[in-house]
Amino acid sequence: MSDGVEGNDERRRTGNAAGPEPQGVPEPRPGEPEPAAQPEPAPLVKAGTAGRTEARAGAKTDEPATGEADDAAPAAPDASGTPADAPPDSTDTPDDPEAPDEAGDGLRYERLPDAPPPILDGVRARPPAPPGLATLVAAAVTALLSGLLLGDGLAVNALILALPLAAGAWFAARQAGRRPRRSSLCWGVGGLALLAVPVWSDAEWPTLLAVLAAAGLGALALHGCRKWSGVLLAPLGPVLAVRRALVWGWRGARERTAGGEKDLGPLLRSVLVAVVLLVVFGGLFAAADRAFADLLGSLVPDVDGGSGVPWRLFLAVLGLAAALAVAHTAAAPTRWDGLGPGPGRPRGRVEWALPLVLLDLLFAAFVAVQAAVLLRGEDVVRASNGLTYSEYAREGFWQLLFATVLTLAVISVAVRVAPRSGPRDLLLVRAVLGTLCLLTLVVVASAVRRMDLYMGEYGLTRLRLSVVAMELWLGAVVLLILAAGVFGARLLPRAVLASAAVAVLAFGLASPDKLIAESNLDAHRDGRTLDLRYLAGLSADAVPALDRLDEPLRSCALRSIAVPDAPWYATSLSQARAHDILTARPVRNHPCRDLLTDDISPSVR
């Protein structure tokens, strides 16, 4: 009996010895430490219900962890959770997520899937080491210049600010062990070249376009992307890195102010002494000589009181955040190229080629009609639909512009799903898409010709000039696609971006407002009416052209053009020329109400 009792006691402690070791936490033996808590399983939710979760009922608290073991007890479950003596198709499994709840409510439960990892975890680089002294100094200089130079407009100050910004990125990248590629250096130089537009032009719209394009090229230089996903998403890198960059910069500043060989204290003390000396002696020399005081006043930014100080402090903080974000991105760039979609599933030849061949035929029919209209001229237009040449041109331009953009989208999708099983498929793709690109070039030429006819009748405006430039750039993109079909598409994303940057630079340096004024004045000299109200709303770029008008038209056109007396760093070359012209020949006080509303007869010197 003693042996049987001891055997029962042993089975109570260990469960059924015949089966595998059961799942669960065993009871601790006397003198042993408490076992570590096991992680809780993933929550279970009711099958077929969304938004409500219930934890599946576990083992009752009053039952032993291993259960009572006797001769009639079932075998312990194995590692998969299935009882050892259960048949293979049995649904009576302890961890079956579809088993009814033990409370008998008849509900079925299913286990929630694990949360997917964040989308950027696979492409984001490791956090870089705290920034070095050179990076922090460059960020501080950027913040100081932002507060001093950005409050009065954009001109050469944008280029001045870009220099410490680029220097901070360079120092951070070298500290992180990154060597810039040749392409990254080219993007950086291109971004600096685009900042020549605000130095040259006074018009806000090409200046804004150039600054945005410069930021895009700078982001591409920081990331070194080569694919479409990288080219399109690279500008998001510095924006998403702002929060991490501020923490990163704070860590670097704390390390540099904690003493040691890399302490920032001596440099700060030296800068403070230099500032005090310059302020004291500069004030003395300015008080001693009026000419030196005028020179000093023109060079030093005027930080006025009142609302100017908070605004400049905000600009300084913004410049500091931008400098740290750019440096952090240079040290640990996000690999946006890794987010790009892979090639699509190739289609069969007939499935892929049939829609595109039919589209080619439609384009060919349209091109044939356009050749008859554009070559034979206005008589064909009047005979076909009764419209004037200018009305016909205006009516169809926007449709053709949209057709060009839509064609580029069709080509991009067609390339992803094109058949690619052999040389014949490659020949088919080149023939079909090459024909579509050539016909698209004819559509682009037709759209540009239409707008040229319309501008010849009604004059040049900002909108008309902008859409013509956009259509011409789309034609250049089509040419690049044709070249990619012959030489390969590896460089196509960067080539398209480079063409856009060149187009923006050329558009800004051409001084669009000056072109608009000169075109309208030439048309006015040929006997057409002059929209003086529209010309009076142009920027200082148009002042040299409008200065050719006779009085009182000249004064009425130039009176509304603002040429502010801004500091040297916020004055463009165009503003400087306009200021010289208006100083030499001031605007007269003529009544202009009737002139701004009536059609003006030709009167141009």
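Keep in mind that what you see is a predicted model, and the values were worked out from it rather than measured.

### Quick word on the overall build of the chain
Along the chain, the regular secondary structure elements total 23 helices and two strands. When burial is assessed residue by residue, the chain has 35% of its 605 residues classed as buried. Taking the contacts inside the chain whose residues are at least 6 apart along the sequence as the reference set, 75% of them involve residues at least 24 apart. For the chain, the accessible surface area stands at approximately 35500 Å², while carbon and sulfur atoms represent 63% of it.

### A closer look at the packing of aromatic side chains
Applying the stated criterion across every chain, the model contains three aromatic pairs. On the numbers, 5.4 Å between centres and 75 degrees between planes, the contact of Trp205 with Phe507 is edge-to-face. Of the two residues, Trp205 sits in helix H6 (residues 204-223) while Phe507 sits in helix H18 (residues 492-509), which places them 302 residues apart along the sequence. With 5.5 Å between their ring centres and 85 degrees between their planes, Trp568 and Tyr569 make a pair best called edge-to-face. According to the relative accessible area criterion, Trp568 is partly exposed, its value standing at 42%. With relative accessibility at 1%, the residue Tyr569 sits in the buried group. If you follow Arg577 out to its NZ or CZ, it ends over the ring of Trp200, 5.0 Å from the centre.

### Some words on the pattern of salt bridges
Inspection of every chain in the model, using the stated rule, returns 10 salt bridges. Among the salt bridges present, the one from Arg349 reaches Asp425, with a minimum N-O distance of 2.5 Å. Residue Arg349 is found in helix H13 (residues 349-376), and its partner Asp425 is found in helix H16 (residues 423-458); the two are separated by 76 residues along the sequence. Here Glu551 ties to Arg554 by a salt bridge, and the two come within 3.3 Å at their closest N and O atoms. On the basis of relative accessible area, Arg554 is assigned to the buried category, the value being 1%. Through salt bridges with shared partners, a single ionic network connects Asp547, Glu551, Arg554 and Arg585.

### Here we look at the packing of helix H3 (residues 156-175) against helix H12 (residues 308-331)
The description of two packed helices rests on the angle between their axes and on the distance between the axes. Between H3 and H12, whose axes approach to 8 Å, the crossing angle comes to 35 degrees. Judged by the twist between their axes, the crossing of H3 over H12 is right-handed. Contacts between H3 and H12 involve Leu165, Gly168, Ala169, Ala172 and Ala173 from the first element and Ala322, Ala323, Val326, Ala327, Ala330 and Ala331 from the second. The residue inventory of the contact of H3 with H12, partitioned by class, reads 10 nonpolar, one polar and no charged.

### Quick look at a positive patch on the surface
The grouping of Arg181, Arg226, Arg335 and Arg490 at the surface amounts to a positive patch. By the secondary structure assignment, Arg181 is in the loop between H3 and helix H4 (182-194).

### Overview of the packing of helix H9 (residues 242-256) against H12
Relative to each other, H9 and H12 sit at 95 degrees, their axes nearing to 8 Å. When the axes of H9 and H12 are compared, the pair comes out roughly perpendicular. Between H9, through Val242, Arg244, Ala245, Leu246, Trp248 and Gly249, and H12, the contact on the second element is made entirely by Ala321, Leu324, Ala325, Ala327 and His328. The class makeup of the residues in the contact of H9 with H12 is eight nonpolar, two polar and one charged.

### A look at the confidence of the model for the chain
Confidence along the chain averages 76 in pLDDT terms, with 70% of residues attaining 70 or more. Within the chain, no element has a lower average pLDDT than helix H1 (residues 2-14), which sits at 44, and none a higher one than helix H5 (residues 196-200), at 93. Predicted confidence for residues 1-101 stays below pLDDT 50, and this span has 94 contacts to residues more than four positions away or in other chains. Taken together, the stretch residues 601-605 has pLDDT below 50 and engages in 17 contacts with residues farther than four places along the chain or on a different chain.

### Here's the deal with a nonpolar patch on the surface
Residues Leu272, Val273, Val276, Leu277, Val280, Phe281, Leu284, Phe285, Phe292 and Leu295 make up a contiguous nonpolar surface patch of about 940 Å² in total accessible area. Mapped onto the nonpolar patch, the elements with two or more residues apiece are helix H10 (265-288) and helix H11 (290-299). With respect to the helices, strands and loops of the structure, Phe281 is situated in helix H10. Judged by its relative accessible area of 46%, Phe281 falls in the partly exposed class.

### Structural notes on H18
Between the first and last C-alpha of H18 there are 26 Å, a value that for 18 residues agrees with the 26 Å anticipated at 1.5 Å per step. Within H18, the full set of buried residues consists of Leu492, Pro493, Arg494, Val496, Ser499, Ala501, Val504, Phe507 and Gly508. Each element contacted by the buried residues of H18 is listed here: H4, H5, H6, helix H7 (228-233), helix H17 (462-487) and helix H19 (512-525). Directly beyond the C-terminal end of H18, a positive phi value near 55 degrees is found at Ser511.

Here is what the cut-offs are and how they apply
- Residues numbered from 1 in each chain as written.
- Predicted model: local features only at pLDDT ≥ 70, side-chain atom pairs only at ≥ 80, totals over all residues.
- Heavy atoms only, no water.
- Helix = DSSP H or I, 4+ residues; strand = E, 2+ residues; numbered from the N terminus.
- Buried < 20%, exposed > 50% of the residue type's maximum accessible area, 1.4 Å probe, protein only.
- Contact = heavy atoms within 4.5 Å.
- Areas by Shrake-Rupley, 256 points an atom, 1.4 Å probe, with all protein chains shown as cover.
- Phe/Tyr/Trp six-rings, centres within 6.5 Å; stacked < 30°, edge-to-face > 60°.
- Lys NZ or Arg CZ within 6 Å of the ring centre and 35° of its normal.
- Salt bridge = Lys/Arg side-chain N within 4 Å of Asp/Glu carboxyl O.
- Axes fitted to C-alpha atoms, helices over the stretch in contact; angles between N-to-C directions.
- Left-handed = near helix turned anticlockwise from the far one by under 90°.
- Nonpolar A, V, L, I, M, F, W, Y, C, P; charged D, E, K, R; others polar.
- Patch = residues over 30% accessible without salt bridge, like charges linked within 9 Å, V, L, I, M, F, W, Y side chains within 5 Å.
- Lys, Arg positive; Asp, Glu negative; His and termini not counted.
- Charge placed at Lys NZ, Arg CZ, Asp CG, Glu CD.
- Parallel < 35°, antiparallel > 145°, perpendicular 65-115°, else oblique.
- pLDDT = per-residue confidence, 0-100.
- Expected span 1.5 Å × (residues − 1).

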